[in-house]
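# Fold and geometry: a report
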Amino acid sequence: MPQYAILIYEKELPGGVDDIPPEVMEANLAVGDQIAAMGARVVHEQGLQPVAQGRTIHKGGLVTDGPFLETKEVIAGFFVVEAKDLDTAVAIGKLLPIMDGAVEVRPLFEG
């Protein structure tokens with residue numbers, strides 16, 4: 001079955017995960033059963049540390065703190081799901097509660 005990356009973009013919260021409203025966390029936890037009911041499967045899911053903890057490697061090997069792009073939203077976490085098609089993966093992405101950001105669904109290369 002094809003795999004899709006579902007990237008979650010949100011504005012970074014000052015207190016990180018501790019500032020996520022409880023109802024948003026609960027909604028995230030409830031998504032697993034809905035995904036399974038759609039005949040899809042979560043292969044991997046992971047939240048990310050704040051961007052200040054990351055490093056960007058530029059062409060030529062220069063390493064800088066934080067993200068490369070100056071944006072309001074950062075990648076807060078991601079899923080990899082197996083789904084029958086892109087439409088199903090998009091439907092899964094729509095299940096994710098977003099506070100003030102967006103969700104991107106992108107097919108992974110097979111092989």
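Look a little higher up for the structure.
This report concerns the structure included in the present document. (Residues numbered from 1 in each chain as written. Predicted model: local features only at pLDDT ≥ 70, side-chain atom pairs only at ≥ 80, totals over all residues. Heavy atoms only, no water.)

With that settled, consider the overall build of the protein. For the protein, the count of helices and strands is 2 helices and 6 strands. The helix and strand sequence of the protein, counted from the amino end, reads β-α-β-β-β-β-α-β. Oriented by its inertia axes, the alpha-carbon framework of the protein measures out at about 45 × 40 × 20 Å. For the protein, the proportion of its 111 residues judged to be buried stands at 23%. A fraction of 78% describes how many contacts in the protein between residues 6 or more apart in sequence connect residues 24 or more apart. Distance between charge centres in the protein, computed from 8 positive and 17 negative side chains, equals 8 Å. (Helix = DSSP H or I, 4+ residues; strand = E, 2+ residues; numbered from the N terminus. Buried < 20%, exposed > 50% of the residue type's maximum accessible area, 1.4 Å probe, protein only. Contact = heavy atoms within 4.5 Å. Lys, Arg positive; Asp, Glu negative; His and termini not counted. Charge placed at Lys NZ, Arg CZ, Asp CG, Glu CD.)

As a further point, take the layout of surface pockets. Its volume calculated, the largest pocket comes out at about 730 Å³. Taken together, 28 residues form the lining of the largest pocket, with V17, I20, G47, A76 and G77 sitting closest to its centre. Every element with two or more residues in the lining of the largest pocket is listed here: β1 (3-11), α1 (22-37), β2 (41-47) and β5 (73-82). Looking at which element gives the most residues to the lining of the largest pocket, the answer is β5, with 6 residues. A breakdown of the residues in the lining of the largest pocket according to their chemical character gives 17 nonpolar, 7 polar and 4 charged. (1 Å grid on protein atoms, 1.4 Å probe; cavity = no way out; pocket = protein on both sides within 12 Å on 5 of 7 lines; lining within 4 Å. Points joined across faces, edges and corners; volume = space filled by probe spheres on them. Nonpolar A, V, L, I, M, F, W, Y, C, P; charged D, E, K, R; others polar.)

Among the nonpolar cores identified, the biggest contains 12 residues, and these are Y4, I6, I8, V31, I35, A40, F79, V81, A83, A89, I92 and L96. For this core, the secondary-structure elements that each account for two or more residues are β1, α1, β5 and α2 (86-95). The greatest single-element share of this core, amounting to 3 residues, is contributed by β1. Apart from the residues lying within four places of it in its own chain, the contact partners of Y4 are F79, V80, V81, A83, D85, L86, A89, V105, R106, P107 and L108. (Core = buried A, V, L, I, M, F, W, Y, C linked by side-chain atoms within 4.5 Å.)

Right, let's talk about α1 for a bit. Helix length check: α1, at 16 residues, gives a terminal C-alpha distance of 24 Å against a target of 22 Å (1.5 Å per residue), a fit within 8%. The largest bend in α1 amounts to roughly 30° and is located at V31. The complete set of buried residues in α1 reads V24, V31 and I35. The inward-facing, buried residues of α1 contact β2 and α2. Immediately downstream of α1, the backbone of G39 shows phi near 80°, a positive value. (Expected span 1.5 Å × (residues − 1). Bend = angle between axes of the 7 residues up to and from the residue.)

Under the definition given, this model contains 4 salt bridges. For R41, the salt bridge is made with E82, and the minimal N-O distance between the two is 3.2 Å. In this pair, R41 is assigned in strand β2 and E82 in strand β5, connecting sequence segments 41 residues apart. (Salt bridge = Lys/Arg side-chain N within 4 Å of Asp/Glu carboxyl O.)

This next bit is on α2. Each turn of an α-helix holds 3.6 residues, which means side chains three or four residues apart point in the same direction. Within α2, burial applies to T88, A89, I92 and G93. Taken end-on, α2 shows its buried residues confined to a sector of 145°, consistent with a single buried face. When the buried face of α2 is taken as reference, the exposed residues oriented beyond 90 degrees from it are D87 and K94. Buried positions along α2 lie against β1, α1, β5 and β6 (102-107). (Arc of directions from axis to C-beta.)

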